[in-house]
Amino acid sequence: MRLEEYVAELDARYDADVRMPWSPATGPGYHTRVPEGARAHQTKLAADYAIALLRLGRADRAGEVLDALADLQVTDPLSAHYGIWGWFMEEPPEQMSPADWNWADFIGVRLAQVLAVHGRLLDPRVRRRVRAALHHAAMSVFRRNVDPGYTNIAVMGAVTAAAAGQLLRPGPPQAPAPAPRDVDDALEFVDGELLLDFARRRLRAVLALHDEAGGFTEYNSPAYGRVVLEELERAALIVTDPPFRAVAEQLRELTWAALAERFHPGTGQLAGPMSRAYHDRIQPDLAAYLRAQTGAPVVAAGQTGRQAEPHVPPQEGPIQERPPRTPSPVVAPVVAPLLVPPLPCPRPIAERFRALPSVPYQVRTRFSSDTTGTSWFAEDACLGSADEEFAWVQRRPLLGYWRTPDDPAVVLRARMSLNGHDLSAAWCRQHQEGPRVLSAWWLSYDSGDFHPVLDRPAGSVFHVGDLRLSVTLRGRGVEARELGDGVFALRAGGRQAVVHTAPARFLDRSRTWQAVNDDGEARVEVRLHQGPSTPLDFHQARLRAAFALELLAPGEQPGTAAVTGDHDGDGLLRWRWDGLRVSSPAEPTPFDR
């Protein structure tokens, strides 16, 4: 969407009484209680609108919006919510469930851009208020001091603090403002060197963790890889400190390299595994960005003939799938144009987006001390897995794609679902070699349900109506077939993913796998529990479940080995299949082990 079109759309939604544009509320089932689809006023959208207005020279309207944003920030330094905003005007932080402290970063970094690039356009009173809001946001970032493993927020907060450290330094004396003065006008700002030093150290810590671990903690994330790139591009725009800019450029190249390492030119997708993804396919805005910066053919969702997945701007909230809610009238989302000037992908890295290093090709990456990812690539297909991971909605512990005559990228995915949503308390361990994976699953306690932390049920008692483990194939022309003896095929075009199963046991009851065909989706699944909702203490939720998967080209025959699992006497189940081995706990484990 062009800048002028974006602004015109938000102009049409502008509510003069609150000085913000409205939009349909989106939410994940946590953080916010605002109903899905309700008419609401998003603070991050308002900040983007203000930047867009200033780029068009419309400082008066931008000033109104920025004034409204300043009114919505918590400015009491003794408050637990100091320096942050709610997602929506209608729901201040103290009414959220719980508040999202990342909004100091998301809004603060945008206010920094306003001041650095467009500050001279603002009325002096509005400019002072924006400076005060940036101060509060930067001090909230400083006080919180997130772990460098929280990659996107660690980078975003560093850019916020660095820009604040520069922009909020005392300048030459100014003429007194006319009385009466706002309280925020009289705010004395902290020493800019404090924030700038903090920002330098924060960014260096992100780089050091990457170098120590071998990758980013938020690994292979389509949404947050893009967020990190945007914030490092924003740093190039608004931060002048040479040491900070040097580390930012190193991280920018590493982020591009990490995305390139798992990009599959044949399908235009990122191979699994993924730490944080809101969609199974790359979305149109990210696809356009990658195409422009690399020259690679990147396929967006909606190009398969199926309905496009809804666009949700990356943030600490909206997720791909949500618990069922009351349907709301459909209002087209407003997709922002690029409000930060993009920087090109470094040329040597861009070449990897256009072609694989060899065919077939396999890469294994240590993302952290806990997780290593393996990805396999052929010309038309890719398959990736994590050696140990949990299964909440943003994770993709086993994910693959292949191209067919009817679909540029059918999607292969493994998941554990509870009552229709991905279950955070489920874990898997996997062993992959080439296009073959052995996957074993178990359950944990002291975990959340829909979110790993925010919705932990009391006593780890979950209400279980439908619990199932499944391997799904989505796209055009997909089908599931039973081949016999617990072996199934998920087919599309000439390729097939053959799934080898063993009977699963849940709560000491044996369960068998089955093939299911729905509209546009084929599944091989085992229904571990199905019936009236039953309270279940996950301290006792013993699960024995595993499968093997091989992704076969036309003419290749499935293997004949059976999946076997045995207790080893040390609390582990030892699973084997055709040379692959993996162990899983025989009893439920704590989520934080």
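Residues numbered from 1 in each chain as written. Predicted model: local features only at pLDDT ≥ 70, side-chain atom pairs only at ≥ 80, totals over all residues. Heavy atoms only, no water.

**Some details on the overall build of the protein chain**
Secondary structure summary: the protein chain contains 11 helices and 28 strands in total. The C-alpha atoms of the protein chain give a radius of gyration of 25 Å, which matches the 25 Å a tight globule of 593 residues would have. Expressed as a percentage of the 593 residues in the protein chain, the buried residues total 59%. A separation threshold of at least 6 residues defines the contact pool for the protein chain, and within that pool the share at least 24 residues apart is 70%. Accessible surface, the protein chain as shown: approximately 23100 Å² in total, 51% of it carbon and sulfur. Averaging the positions of the 65 positive and the 74 negative side-chain charges in the protein chain gives two centres separated by 2 Å. (Helix = DSSP H or I, 4+ residues; strand = E, 2+ residues; numbered from the N terminus. Rg over C-alpha atoms; globule rule 2.2 N^0.38 Å. Buried < 20%, exposed > 50% of the residue type's maximum accessible area, 1.4 Å probe, protein only. Contact = heavy atoms within 4.5 Å. Areas by Shrake-Rupley, 256 points an atom, 1.4 Å probe, with all protein chains shown as cover. Lys, Arg positive; Asp, Glu negative; His and termini not counted. Charge placed at Lys NZ, Arg CZ, Asp CG, Glu CD.)

**Looking at the state of the cysteines**
In protein chemistry, a disulfide is the covalent bond that joins the sulfur atoms of two cysteines. Evaluation of the coordinates by the stated rule reveals 0 disulfides. The thiol of Cys-345 is unpaired, and the distance to the nearest cysteine sulfur, on Cys-382, comes to 18 Å. Judged by its relative accessible area of 6%, Cys-345 is buried. Residue Cys-428 stays outside any disulfide, its sulfur separated by 18 Å from that of Cys-382, the closest cysteine. Owing to a relative accessible area of 0%, Cys-428 belongs among the buried residues under this scheme. (Disulfide = S-S within 2.5 Å.)

**Remarks on the packing of helix α4 (residues 103–118) against helix α8 (residues 222–238)**
Two elements in contact, α4 and α8, have axes whose closest approach is 10 Å; the angle formed by their N-to-C orientations is 25 degrees. As the angle between them shows, α4 and α8 are arranged roughly parallel. The way α4 lies across α8 gives a crossing that is left-handed. Where α4 abuts α8, its residues Val-109, Arg-110, Ala-112, Gln-113, Ala-116 and Val-117 lie against Glu-230, Glu-231, Arg-234, Leu-237 and Ile-238. Of the residues belonging to the contact of α4 with α8, the class tally is 6 nonpolar, 1 polar and 4 charged. (Axes fitted to C-alpha atoms, helices over the stretch in contact; angles between N-to-C directions. Parallel < 35°, antiparallel > 145°, perpendicular 65-115°, else oblique. Left-handed = near helix turned anticlockwise from the far one by under 90°. Nonpolar A, V, L, I, M, F, W, Y, C, P; charged D, E, K, R; others polar.)

**Here we look at the layout of surface pockets**
The space that makes up the second largest pocket amounts to roughly 1100 Å³. Every residue lining the second largest pocket is counted, 34 residues in all, and those nearest its centre are Phe-390, Arg-395, Pro-452, Val-453 and Phe-591. A total of 3 residues in the lining of the second largest pocket trace back to one element, the largest contributor, which is strand β10 (residues 388–390). (1 Å grid on protein atoms, 1.4 Å probe; cavity = no way out; pocket = protein on both sides within 12 Å on 5 of 7 lines; lining within 4 Å. Points joined across faces, edges and corners; volume = space filled by probe spheres on them.)

**So, the pairing of strand β14 (residues 426–433)**
Across the 8 residues of β14, 6 count as buried, placing the element largely inside the fold. Examined bridge by bridge, β10 and β14 share 3 bridges and lie antiparallel to one another. Residue pairing for β14: Glu-388 is matched across the bridge by Arg-429. Relative to strand β15 (residues 436–445), β14 is paired through 8 bridges, and the arrangement is antiparallel. When the bridges of β15 are listed, His-431 appears paired with Leu-438. Connecting β14 to the antiparallel partner β15 that follows it, the hairpin turn spans 2 residues, and Gly-434 within it adopts a positive phi of roughly 60 degrees. (Pairing = 2+ DSSP bridges.)

**Here's the deal with helix α7 (residues 192–213)**
With 22 residues, α7 extends 32 Å from end C-alpha to end C-alpha; this agrees with the ideal 32 Å at 1.5 Å per step. Looking only at α7, the buried set comprises Gly-192, Leu-195, Leu-196, Phe-198, Ala-199, Arg-200, Arg-202, Leu-203, Val-206, Leu-207, His-210 and Ala-213. Residues of α7 that are buried make contact with α5 (124–144), α6 (151–167), α9 (242–261) and β7 (361–366). Positioned one or two residues after α7, Gly-214 has a phi angle of 100 degrees, which is positive. (Expected span 1.5 Å × (residues − 1).)

**Brief notes about the sheet that holds strand β26 (residues 572–577)**
Spatially, 3 strands are ordered β25-β26-β27 in an open sheet, and the strand pairing comes out antiparallel. This sheet does not close on itself; its edge strands, each paired only once, are β25 (564–567) and β27 (580–585). Pairwise comparison of adjacent strand axes, ignoring direction, gives a mean angle of 25 degrees for this sheet. Bridge count between β25 and β26: 4 bridges; the pairing is antiparallel. By the bridge assignment, Thr-564 is partnered in β26 with Arg-576.

**Concerning the packing of aromatic side chains**
All chains considered together, the criterion is met by 16 aromatic pairs. For the pair Tyr-219 and Phe-367, a centre-to-centre distance of 4.1 Å together with 5 degrees between the ring planes defines the contact as stacked. Pair noted here: Tyr-219 is in the loop between α7 and α8 and Phe-367 is in the loop between β7 and β8 (372–377), with a separation of 148 residues, a long-range link. Classification of Phe-367 as buried rests on a relative accessible area of 5%. Between Trp-256 and Phe-353, the ring centres sit 5.8 Å apart and the planes meet at 80 degrees, which makes this aromatic pair edge-to-face. Of this pair, Trp-256 sits in helix α9 while Phe-353 sits in helix α11 (residues 347–354), and the two are 97 residues apart along the sequence. Here Trp-256 and Phe-353 have matching classes, each one buried. An aromatic cluster of at least three residues, connected via ring pairs, comprises Trp-256, Phe-263, Tyr-289 and Phe-353. Geometry around Trp-22 places Arg-13 over its ring, the cationic atom sitting 5.0 Å from the centre. (Phe/Tyr/Trp six-rings, centres within 6.5 Å; stacked < 30°, edge-to-face > 60°. Lys NZ or Arg CZ within 6 Å of the ring centre and 35° of its normal.)

**What about the pattern of salt bridges?**
According to the stated counting rule, one finds 43 salt bridges in the structure shown. Of the charged contacts, one joins Arg-19 and Asp-67 as a salt bridge, the two residues approaching to 3.7 Å between their closest N and O atoms. Here the residue Arg-19 occupies a position in the loop between β1 (14–15) and β2 (20–21), and Asp-67 occupies one in helix α3 (residues 59–72), the gap between them amounting to 48 residues. The exposure class of Arg-19 is partly exposed, given its relative accessible area of 25%. For Asp-67, a relative accessible area of 10% gives the class buried. Between Arg-110 and Asp-48 there is a salt bridge, with its nearest N and O atoms 2.7 Å apart. With Arg-110 in helix α4 and Asp-48 in helix α2 (residues 43–55), this pair connects stretches of sequence that are 62 residues apart. The exposure class assigned to Arg-110 is buried, which follows from its relative accessible area of 6%. What emerges from the salt-bridge pattern is a single network uniting Asp-466, Arg-468, Asp-518, Glu-521, Arg-523, Glu-525 and Arg-527. (Salt bridge = Lys/Arg side-chain N within 4 Å of Asp/Glu carboxyl O.)

**Things to note about the environment of Ala-208**
Its place among the elements puts Ala-208 in helix α7. C-alpha separation for the pair Ala-208 and Pro-148, spaced 60 residues apart in sequence, amounts to 9.0 Å.

**Things to note about the pairing of strand β23 (residues 521–537)**
Bridging between strand β16 (residues 461–474) and β23 involves 13 bridges; their strand directions are antiparallel. Across the sheet, residue Ser-470 finds its bridge partner in β23, namely Glu-525. Across 6 bridges, the pairing between strand β22 (residues 513–518) and β23 is antiparallel. Looking at the pairing, Ala-515 lines up with Val-524 of β23. As consecutive antiparallel partners, β22 and β23 are separated by 2 residues, and within that stretch Gly-520 has a phi angle of approximately 75 degrees, a positive value.

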